[in-house]
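What the coordinates show
The residues making up each chain are set out below.
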Amino acid sequence: MAMRMFERTEILSKITSQVAEQKAILAAGSSCGLVAKCAVLGGADLLVVYSTGLSRLMGLPTSRIGDSNARTLELAAEIRNVVSSVPVIGGVEAWDPLRLDLNALLDKFWAAGFSGVINYPTISTMGEKWRQRRGRVGLGFERELEMIAMARKKNIFSLAYVASPEDAKAMASIGADCIVPHVGATRGGLSGNEEGQSIREAIRRINDINAAARSMRSDVILLCHGGAIAEPQDTVEVYRSTQCVGFVGASSIERIPIERAVKAAAEEFKAVPLARNH
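Residues numbered from 1 in each chain as written. Predicted model: local features only at pLDDT ≥ 70, side-chain atom pairs only at ≥ 80, totals over all residues. Heavy atoms only, no water.

1. Considering the overall build of the protein
For clarity, the threshold we go by: Secondary structure elements follow DSSP: runs of H or I no shorter than four residues count as helices, runs of E no shorter than two count as strands, and numbering proceeds from the N terminus. Here the globule rule is a power law, 2.2 Å times the number of residues to the power 0.38, and the radius of gyration is based on C-alpha atoms. The buried label goes to any residue with under 20% of its type's maximum accessible area, the exposed label to any with over 50%, and the partly exposed label to all in between, with areas taken from a 1.4 Å probe on protein chains only. Method for areas: the Shrake-Rupley scheme with a 1.4 Å probe, in which residue coverage is limited to the protein chains shown.
Helix and strand counts for the protein stand at twelve helices and eight strands. Here the C-alpha radius of gyration of the protein, 19 Å, is about what a compact globule of 278 residues would show, namely 19 Å. Considered along the principal axes of its C-alpha atoms, the protein spans approximately 75 × 40 × 40 Å. Across the 278 residues that make up the protein, the buried fraction comes to 50%. Counting only carbon and sulfur atoms, one obtains 55% of the accessible surface of the protein, whose full area is about 13,000 Å².

2. Some points on the pairing of strand S1 (residues 25-29)
To keep it simple, the criterion reads: Between any two strands, at least two bridges found by DSSP are needed for them to pair. Crossovers are described as right-handed under a simple rule: with the strands pointing away from the observer, the path leading from the first strand over the helix to the second runs clockwise.
Where burial is concerned, most of S1 is hidden: four out of the five residues are buried. Across four bridges, the pairing between S1 and strand S8 (residues 246-249) is parallel. Considered in S8, the bridge of Leu-26 is made with Phe-247. Strand direction decides the pairing type here: S1 and strand S2 (residues 46-49), joined by three bridges, are parallel. Bridge pairing in S2 places Ala-28 opposite Leu-47. Handedness of the crossover is the feature at issue here: the chain leaves S1, passes through helix H2 (residues 33-41), returns alongside S2, and the resulting connection is right-handed.

3. Concerning the packing of helix H9 (residues 199-216) against helix H10 (residues 232-241)
This is how it is decided: Every axis corresponds to a line fitted to the C-alpha atoms, with the helix fit spanning only the stretch in contact, and the corresponding angles, defined between N-to-C directions, vary from 0 to 180 degrees. To sort the angles, those under 35 degrees are grouped as roughly parallel, those over 145 as roughly antiparallel, those from 65 to 115 as roughly perpendicular, and the leftovers as oblique. For any pair of crossing helices, the crossing counts as left-handed if the nearer helix is rotated counterclockwise from the farther one by less than a right angle, and right-handed if it is rotated clockwise. Working rule for contacts: check all heavy atoms of both residues, and any pair within 4.5 Å makes them a contact. Classification used: nonpolar for Ala, Val, Leu, Ile, Met, Phe, Trp, Tyr, Cys and Pro, charged for Asp, Glu, Lys and Arg, polar for all others including Gly.
At a minimum axis distance of 10 Å, the contact between H9 and H10 shows a crossing angle of 40 degrees. On the basis of their axis angle, the class for H9 and H10 is oblique. Both H9 and H10 take part in a crossing whose hand is right-handed. When H9 is examined against H10, the residues Ile-199, Ile-203, Ile-206 and Asn-207 are found in contact with a partner set consisting of Asp-234, Glu-237, Val-238 and Ser-241. The residue makeup of the contact of H9 with H10, split by class, is four nonpolar, two polar and two charged.

4. Thoughts on the environment of Ala-176
Summarising the element assignment, Ala-176 is placed in the loop between helix H8 (165-173) and strand S6 (178-181). Each C-alpha atom, one on Ala-176 and one on Glu-267, is 45 Å from the other, the two residues being 91 residues apart in sequence. Residues in contact with Ala-176, not counting those within four places in the same chain, are Ile-148, Ser-158, Ala-160, Met-171, Arg-217 and Val-220.

5. Some remarks on helix H1 (residues 8-20)
Since the α-helix turns once every 3.6 residues, residues separated by three or four places project in the same direction. Just so we agree on the cut-off: A helix is expected to span 1.5 Å for every residue after the first.
An ideal rise of 1.5 Å per residue puts 18 Å on 13 residues; H1 measures up with 18 Å between its terminal C-alpha atoms. On the buried face of H1, the contacting elements are S1, S2, helix H7 (141-153), strand S5 (157-162) and strand S7 (221-222). Following H1 by one or two positions, Gln-22 has its phi on the positive side, about 65 degrees.

6. Details of the packing of H8 against H9
Where H8 contacts H9, the axes come no closer than 8 Å and their chain directions differ by 30 degrees. Relative to H9, H8 is oriented roughly parallel. Two packed elements cross with a definite hand, and for H8 against H9 that hand is right-handed. On H9, the residues that touch Pro-165, Ala-168, Lys-169, Ala-172 and Ser-173 of H8 are Asp-208, Ile-209, Ala-212, Ala-213, Ser-215 and Met-216. Of the residues that constitute the contact of H8 with H9, the class distribution is seven nonpolar, two polar and two charged.

None of the figures reported here should be taken as evidence of function without further support.
Structure (structure tokens):
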């Protein structure tokens, strides 16, 4: 398959036409070729590649492992080897101290085959103490803003994870194409977060974040992610009660379904009795 890149305007056109047809957008977390291939067959509009996805495939809770940007860049070849029809979005750790030149970093992501970027891992979800500590040395959330603003300047499609209305305003104002309210670690499965807010509380938080983003730009696209929004039926209420037009799934796509399918297959094979001819 020939490697194909997608321009920002092409991705936006595809998304807006889907929404106009009353079809929700699905951005599917895909950290290996098999997941990416199956997600596309299932209708995913975007594939999102995070280094943290490797921890999920290792049977661990979602964790940042090693050099995040290097790991994500390495994953591009495997994903692009089997997928060419859907834009692939790369998770950029903008506050990486080993890659202070964000312009050069974005060029590397584009050259690797990523047609868009998302600010992940993100300081927006990490709490005020960590945020202040990173900010004092110039490696805080401001770097994520700078990265997304630079992507817009380079005409690269962007999604922005935000965990607060203030961060949503900042990301919308510098040109993020999609704002993604991040309402916590995904619930469910073998290593999911079983605590946290209800779906009702998640919706309240999403509405606060969305309102803040839309107060800066009316054209920003709103997606949702995390917390109690783990299953397809959870998104039904989110779409009914918020302005979100799609879902960004990570554990919901590449961890929980695999856990269920492999366990069920193993149980079925194990349940087959031996038939002996006497």
